[in-house]
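# Descriptive analysis of the structure
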Amino acid sequence: MKRPPRRWLLWGALLLLVLALLGVLVFLAAKYEEVRDQEALERDAVTLASDIRGGLVRNVQTLQSLHSVAPTTGSWQDPAADLLAQHRELVRLEWRDGGLKILAARDSAYVSELYAQLPRSQALPDVRQACENAHRVSGPSYSPSYFWPMSNGMGMELMEMCLPVVRTGAPEGYLVATYALPGLLAELTNKDLVRGRGLAFTEVDGTRLALHSSVAGSPRIQMATTLLDLPGHTLMLRLESPRRVAGLFPNVLTAVVGALSLALLAVLALLGRDMRRRQRAETEVADALAFRKAMENSLVTGLRARDMQGLVTYVNPAFCQMVGFAAEELIGTGQPAPWWPPELVDEYQQRQAVRLAGQILPREGYESVFQRKDGTRFPVLIIEAPLIDAQGTQTGFMSAIIDQSEQRRVEELNRTSQERLQATARLATVGEMASLLSHELNQPLAAIASYATGSLNLLRDGSGLDTPELLRQAMQRVAEQADRAGRVIKSVADFVRRREQVRENVAPTHLLDAVMPLVSLQAKKLDIRVQTRVAPGCPDVLCDRTMVEQVLLNLARNGMQAMPEGDPPLASGLRVISLVIAPRRAPQQDGEPPRKTWVEFAVTDHGRGLSDDVRDKLFTPFFTTKAEGMGLGLSLCRTVIEQHGGALTFEPAQPRGTVFRFTLPGV
């Protein structure tokens, strides 16, 4: 048996190769058509979802205008019926008050006996959920869909839409619109896109909720799904289409030649397109890199990247300018870093080892101190985050460094300005109380003069046995009254004297005793009784004594000024101002360590109280209700307490008046 010539073998192999290539081309063409059809189907699904979403938005606008033309429940019925007749996707409209009680309702004429099987109240949880979301977002909100049974074993998938009703800025309840999901598919979609296709709403797992049309008699179908995002709920829209079946070529040889020619042209076209895409992609990448480089170079925040071993892999110009080193001097450096102060190297290395081992990266950042190349120090804020590559693997850490030198300078200026304002407020307070000081000093001075006159009379007229004892008693009274006058003057001098802020452990009773002479001055003049109480076992507080005394005095004076003469009347027993000090412990959960104990100071008056306008502006600097006031007292008080880590609050007192409370950390 002769073997076929070798060239025939070559031709046979070539023919097999051509046939294989043809088969591949036909397969690729079929796949290409399939993918293209799938993409077109997905685009149509997105378009249908957009149509439904746009229809719902237009319905919201129409429903919002309903209450403009029908402001009362009596006039609401007819416009609602017209609206239901124009929008078949709506099966019911309701006007509910703020408590979701129905004020007016109208059912669609196209759906009969919708609520014949179950009462409308069965859907109240869905209505409530939609209206709560609508109230929170101040706009329309949709509930999850639910199945509603009807007569003859039928049913319908419904969905509630709640819209807040507001007229002239005042809420007037909610407009609840009940949508039928089949109606949304039938009324709000493009009929041309749906023709010959299947359209339905489904659950995420594929369970069908509502069906508009289906593909019949075709075992091979293509399917596309898209999400319909609505405020408060999301639906899944599924679009189905019959898959095309390619027929046989009429002429195999012509088809082969044509397929090969078309394949060659297609390959050349694809190659040219890919080259253009690659060139465009390379240009875009180069532009993106240039833009990122320009952006990094223009930043005033320093950027630094390190690998997992702590070696510097990248620094931007702002960081180089910040520390005074060139990028070449920093790239590849590890620990100790060139910008670390020598005496802090051990501390920084320990902190860095803990952070790298446990990847403890506080989102708020942490403060540190850097050293420039010339040896100068400056404070910085460092914010670090993991550096993740395109495969999701952490390759290092990225840090943003902010120079806080200017911020610290501004803070120091603000602190100095605050101290000046506080000194001004203290001087203003003393000026207001100067007249009261003269009245209070007259009493001990008059008593001293009286005892001195009596002593002179005893020395001149008497030589009895009891004269030395009477003189001793008189001199003792003179000393007591002189000491009293000195305490009054010293309390004002200590208050006005400007000191550096020094925090120390102070007993709350000492703070109270320091301001009581000045408080008593004004209380006596206004016929106000002062009550003080310090809870037993109250711990000491860590504070700037002078500043906290100023806060106590300002709050007490404000409370007494809130009770002018005759209001409240003396006979009412309410002309009382109370100063109460008691410990307060923060709530503690089971298993937690003991928390810090705070000490609460409460100053209560029984004046007229605070109006809403005054409450809103109470702590605003330079806001005052007094003709002679500066409006700085309460603002400075809150600043002082917050600098100590506490809080200054107020609330109404019973039966009238106001309670001001502030807290200080206990020792």
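Note that the structure is a prediction, hence the values are computed from the model and not measured.

For the rest of this paragraph, the subject is the overall build of the protein. Counting its regular elements, the protein contains 15 helices and 22 strands. Across the 667 residues that make up the protein, the buried fraction comes to 38%. Of the contacts formed within the protein by residues at least 6 apart in sequence, a portion of 60% connects residues at least 24 apart.

Moving on: the confidence of the model for the protein. Of the residues in the protein, 80% have a pLDDT of 70 or more, and the chain-wide mean is 80. A low-confidence stretch, residues 246-254 stays under pLDDT 50, and its non-local contacts, those more than four residues away or across chains, total three contacts.

Trp-76, Leu-93, Tyr-179 and Phe-201 are the most contacted members of the largest nonpolar core, which totals 42 residues. In terms of residues, this core owes the most to one element, helix H1 (residues 6-69), which gives nine residues. Contacts of Tyr-179, omitting those with residues within four sequence positions, involve Leu-56, Asn-59, Glu-89, Leu-90, Tyr-142, Glu-157, Leu-158, Met-159, Met-161 and Leu-184. Within the second largest apolar cluster, 39 residues are counted, among which are Leu-518, Val-519, Cys-543 and Leu-618.

This part is about the state of the cysteines. This model, assessed by the stated rule, comprises one disulfide. A sulfur-sulfur distance of 2.2 Å marks the disulfide that ties Cys-131 to Cys-162. On the sign convention where negative means left-handed, the S-S torsion of about 100° between Cys-131 and Cys-162 marks this disulfide as right-handed. Of this pair, Cys-131 sits in helix H3 (residues 124-137) while Cys-162 is found in strand E5 (residues 155-167), placing the two residues 31 residues apart along the sequence. On the accessibility criterion, Cys-131 (2% relative accessible area) is buried. Looking at Cys-162, the relative accessible area reads 1%, which means it is buried.

Right, let's talk about the packing of helix H12 (residues 508-525) against helix H13 (residues 545-561) for a bit. Where H12 contacts H13, the two axes come as close as 9 Å, and the packing angle between them is 30°. Of the possible angle classes, the one that applies to H12 and H13 is roughly parallel. Relative to H13, the crossing made by H12 is right-handed. In this structure, H12 contributes His-510, Leu-511, Ala-514, Val-515, Leu-518, Val-519, Gln-522 and Ala-523 to the contact, and H13 contributes Arg-545, Val-548, Glu-549, Leu-552, Leu-553, Ala-556, Arg-557, Met-560 and Gln-561. In the contact of H12 with H13, the residues fall into 11 nonpolar, three polar and three charged.

The terminal C-alpha atoms of helix H2 (residues 73-86) lie 20 Å apart, and with 14 residues this matches the ideal 20 Å at 1.5 Å per residue to within 8%. Looking at H2, one finds that the buried residues are Trp-76, Ala-80, Leu-83 and Leu-84.

The next subject is the sheet that holds strand E7 (residues 198-202). Strands in a sheet are paired, the pairing made by backbone hydrogen bonds, and the direction either parallel or antiparallel. One open sheet accounts for four strands, arranged E8-E7-E10-E9; its pairing is antiparallel. Strand pairing shows two members of the sheet lacking a second neighbour, strand E8 (208-213) and strand E9 (221-230), which therefore form its edges. Taking the axes of each pair of neighbouring strands and ignoring which way they run, one obtains an average angle of 20° across the sheet. Relative to strand E10 (residues 233-242), E9 is paired through 10 bridges, and the arrangement is antiparallel.

Quick look at the packing of H13 against helix H15 (residues 633-643) now. A pair of packed helices is characterised by two quantities: the angle between their axes and the separation of those axes. Following both chains from N to C, one finds H13 and H15 inclined at 145°, their axes separated by 10 Å at the closest point. Relative to H15, H13 is oriented so that their crossing is left-handed. For the pair H13 and H15, the contacting residues are Met-547, Val-551, Asn-554, Leu-555 and Asn-558 in the first and Gly-633, Leu-634, Cys-637, Val-640 and Ile-641 in the second.

As a further point, take the environment of Gly-573. Positionally, Gly-573 belongs in the loop between H13 and strand E19 (576-585). Sequence-wise, Gly-573 and Ile-528 are 45 residues apart; in three dimensions their C-alpha atoms are separated by 9.7 Å.

With respect to the element layout, Thr-202 can be found in strand E7. Beyond its immediate sequence surroundings of up to four residues, Thr-202 is in contact with Thr-207, Arg-208, Leu-209, Met-236 and Arg-238.

Rules used throughout
- Residues numbered from 1 in each chain as written.
- Predicted model: local features only at pLDDT ≥ 70, side-chain atom pairs only at ≥ 80, totals over all residues.
- Heavy atoms only, no water.
- Helix = DSSP H or I, 4+ residues; strand = E, 2+ residues; numbered from the N terminus.
- Buried < 20%, exposed > 50% of the residue type's maximum accessible area, 1.4 Å probe, protein only.
- Contact = heavy atoms within 4.5 Å.
- pLDDT = per-residue confidence, 0-100.
- Core = buried A, V, L, I, M, F, W, Y, C linked by side-chain atoms within 4.5 Å.
- Disulfide = S-S within 2.5 Å.
- Axes fitted to C-alpha atoms, helices over the stretch in contact; angles between N-to-C directions.
- Parallel < 35°, antiparallel > 145°, perpendicular 65-115°, else oblique.
- Left-handed = near helix turned anticlockwise from the far one by under 90°.
- Nonpolar A, V, L, I, M, F, W, Y, C, P; charged D, E, K, R; others polar.
- Expected span 1.5 Å × (residues − 1).
- Pairing = 2+ DSSP bridges.

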